[in-house]
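Descriptive structure summary
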Amino acid sequence: MFRTHYDLPLQRDVTGRFLPWIIALMVYLAILALAGSMVLSDMAQRWDKGLAGTLTIQVPPLPDGTPTLDARIQSALGVLHATPGISKAEPLKPEQMASLLEPWLGSGALSTDLPVPALIDVTMSGGRIDVRGLAQRLRAAVPGVEVDDHAAWLKDVLAIARAVEMVALGVVALVGSAAIATVIFVSRAGLAIHGPVVELLHVMGAPDRYIARQFQSHVLGLAVRGGLAGTLLAAATMFALTRAGGEFSAGLMPDMSLTPVQLLALAGVPLTAAVLAAVTSRLTVMRALARLP
Amino acid sequence: MRYGTGPEVLRDVSFTLEPGTFHFLTGASGAGKSSLLRLMYLAHRPSRGLITMFGHDVASLKRAELPPLRRRIGVVFQNFRLLDHLSALDNVALPLRVAGAKEGQVREHVAELLSWVGLGDHLHDKPATLSGGQQQRVAIARAVITRPSLLLADEPTGNVDDRIGMRLLHLFEELNKLGTTIVIATHNEMLIERFGYARMVLDKGMLQHLPRSAAATRIA
């Protein structure tokens, strides 16, 4: 595919000099947008899988301490266990509560006299249950109790995540379109600059594909160089972001690790960009040459 | 034939070139010699009329069928049209590469031909470093390297002295003996008289045939 010898002096074209930079920038943006989209997609799936069919019951302590928090928890558990469709209802252990609160309040928060509510993790055995009815029964038995139906806010969060994902894919599409437009411009400029040479080759009996192949190889070479640079830059950025994320307290930053398949897909971005650039250049030149006699 | 909406530069031109014949094409400047050559090397399509090339009606051929016909035609352009960024060797190799010849054969044949036209020491020189005469010989070598069926030359001896001019004409004659049909557009009456081949005279866009001169002085 790579020619060591060009009949057309395309390497000298000023218009071609900035193409690797543009491709590098576009590959960089496309990889970051795609990676962001993948992280968001994974996060949404994890939320969906982890929270669908679950409820969280908050049992706050009463100001006067009567009945005790433990007694209130037991009352709530009684209602929950008596409700059909609930397979599991377990209060969070003190160490689980501590690890949940640690990012915000620091270690040892539970040992203080903070009026921290108790949490009961509820798993439903399948399908949805009448959450409103359950909440009413719980409040009747344990005043002040809160039922957190994840499905309600999970739907909104997932919608936002999907929207951000679509925006990221839109960025990739825009970046791709801009790359195609640039390659068309560079190819047309090359044809205009080297018109006499192109005409000479045509008169000598060069088929259109012979001339187009030279443009295609030239653009492919530039796109590969730009693509590699963009990929390296994106890899460095992602590494830096992952490192920065790791330094924050656990739980505040989403998990930004990607699977090998996702990394392979990202590695395909410069490859796709190079092939897209080469094909675009070829089609542009073939179309222009079709106007010659 | 006309360019765009301009006046007709060639009209009522009708002729047949038998395979293996040798012709001079003459006429005053602006008579239409270059336009006729452009039609013959298929760089233009006629605005009306019929061109039959190697047994094919050019107008009825598909566009994709024209390149093989063009590869059977060698052209020496008046202004050479050498590619400045390529060496003499690569310029001459161009038609072979276009035809898909193997690189080993290309280099061997091109070097041999360039040596024959006296440029054996300039294989890797760029056109800009060659004299006008040397550039002309590179252009001629490029036109004949594929042993075309038809060779069209526009003032091929315009920039060389008589000795080189004669040598080039002998090269064309050798090619003609191998079966190539030759058409040379020239103003050089001395060459026309000495070689005495049939003459086509263009005058105000119309063509007149003059037969081969019986009294031509042949140079051995």
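Residues numbered from 1 in each chain as written. Chains lettered and ligands numbered in written order. Predicted model: local features only at pLDDT ≥ 70, side-chain atom pairs only at ≥ 80, totals over all residues. Heavy atoms only, no water.

1. Comments concerning a nonpolar patch on the surface
Residue and element names in this part refer to chain A. For clarity, the threshold we go by: Like charges are joined within 9 Å and nonpolar side chains (Val, Leu, Ile, Met, Phe, Trp, Tyr) within 5 Å, but only among residues with over 30% relative accessible area and no salt bridge; these make up the patches. Each accessible area is a Shrake-Rupley result for a 1.4 Å probe, and residues are judged covered by the shown protein chains and nothing else. A pair is scored as a salt bridge if a Lys or Arg side-chain nitrogen falls within 4 Å of a carboxyl oxygen belonging to Asp or Glu. By the criteria applied, helices consist of DSSP H or I runs no shorter than four residues and strands consist of E runs no shorter than two, each listed in order from the N terminus. We call a residue buried when its accessible area falls under 20% of the maximum for its residue type, exposed when it is over 50%, and partly exposed in between, using a 1.4 Å probe and counting protein chains only.
The grouping of Phe-18, Trp-21 and Phe-185 at the surface amounts to a nonpolar patch, some 380 Å² of accessible area in total. In this structure, Phe-18 sits in the loop between helix H1 (14-17) and helix H2 (19-51). We classify Phe-18 as partly exposed; its relative accessible area is 32%.

2. Quick look at unusual backbone geometry
Residue and element names in this part refer to chain B. Of note, Leu-42 is a non-glycine position whose phi angle comes to about 65 degrees, a positive value. Note on placement: Leu-42 falls in the loop between helix H1 (33-40) and strand S2 (52-53). The phi dihedral of Arg-81 falls on the positive side, at around 55 degrees, and the residue is not glycine. Within the element layout of this structure, Arg-81 appears in the loop between strand S4 (73-76) and helix H3 (88-98).

3. Section: the pattern of salt bridges
Enumeration according to the criterion identifies 11 salt bridges over all chains in this entry. With a shortest N-O distance of 2.6 Å, Asp-208 of chain A and Arg-63 of chain B are connected by a salt bridge. Note that Asp-208 of chain A is positioned in helix H8 (residues 208-247) and Arg-63 of chain B in the loop between strand S3 (56-57) and helix H2 (66-70), a pairing that runs across two chains. Overall, the relative accessible area of 14% leaves Asp-208 of chain A in the buried class. Taking relative accessible area as the criterion, Arg-63 of chain B reaches 25% and is therefore assigned partly exposed. The partner of Arg-97 of chain B in a salt bridge is Asp-90 of chain B, and the shortest N-O contact between them spans 2.9 Å. The exposure classification of Arg-97 of chain B matches that of Asp-90 of chain B, with both residues buried.

4. Some details on the interface of chain B and chain A
Selection rule: Note on definitions: a residue-residue contact is assigned when non-hydrogen atoms from the two residues lie within 4.5 Å. Buried area counts how much accessible surface, traced with a 1.4 Å probe, disappears from two parts once they are put together, with both parts' losses summed. Lys, Arg, Asp and Glu make up the charged group, whereas Ala, Val, Leu, Ile, Met, Phe, Trp, Tyr, Cys and Pro make up the nonpolar group; the residues left over, Gly among them, are polar.
Counting residues at the interface gives 21 residues for chain B, matched by 23 residues for chain A. Carbon and sulfur atoms make up 61% of the surface buried where chain B meets chain A, a total of about 1,900 Å² over both sides. At the boundary of chain B and chain A, one finds 3 salt bridges. Where Glu-199 of chain A meets Arg-81 of chain B, a salt bridge forms, and the shortest distance between an N and an O atom there is 3.0 Å. Listing elements by their share of the side of chain B that touches chain A, those giving two or more residues are H2 and H3 of chain B. Top element by residues in the side of chain B that touches chain A is H3 of chain B. It accounts for 5 residues. For the side of chain B that touches chain A, the residue count by class is 11 nonpolar, 1 polar and 9 charged.

5. A short note on the sheet that holds strand S1 (residues 54-59) of chain A
Residue and element names in this part refer to chain A. Operational definition: Between any two strands, at least two bridges found by DSSP are needed for them to pair. Axis definition: a line fit to C-alpha positions, over the contact stretch in the case of helices; interaxial angles, taken between N-to-C directions, run 0 to 180 degrees.
With respect to topology, 4 strands assemble into an open sheet ordered S2-S3-S1-S4, the strand pairing being antiparallel. In this open sheet, the two edge strands, each paired with only one partner strand, are strand S2 (86-91) and strand S4 (146-149). Between one strand axis and the next, the sheet turns through 20 degrees on average, direction left out of account. Sheet contacts for helix H3 (residues 69-81): S1, S2 and strand S3 (118-124); angle to S3, the most-contacted strand, approximately 10 degrees.

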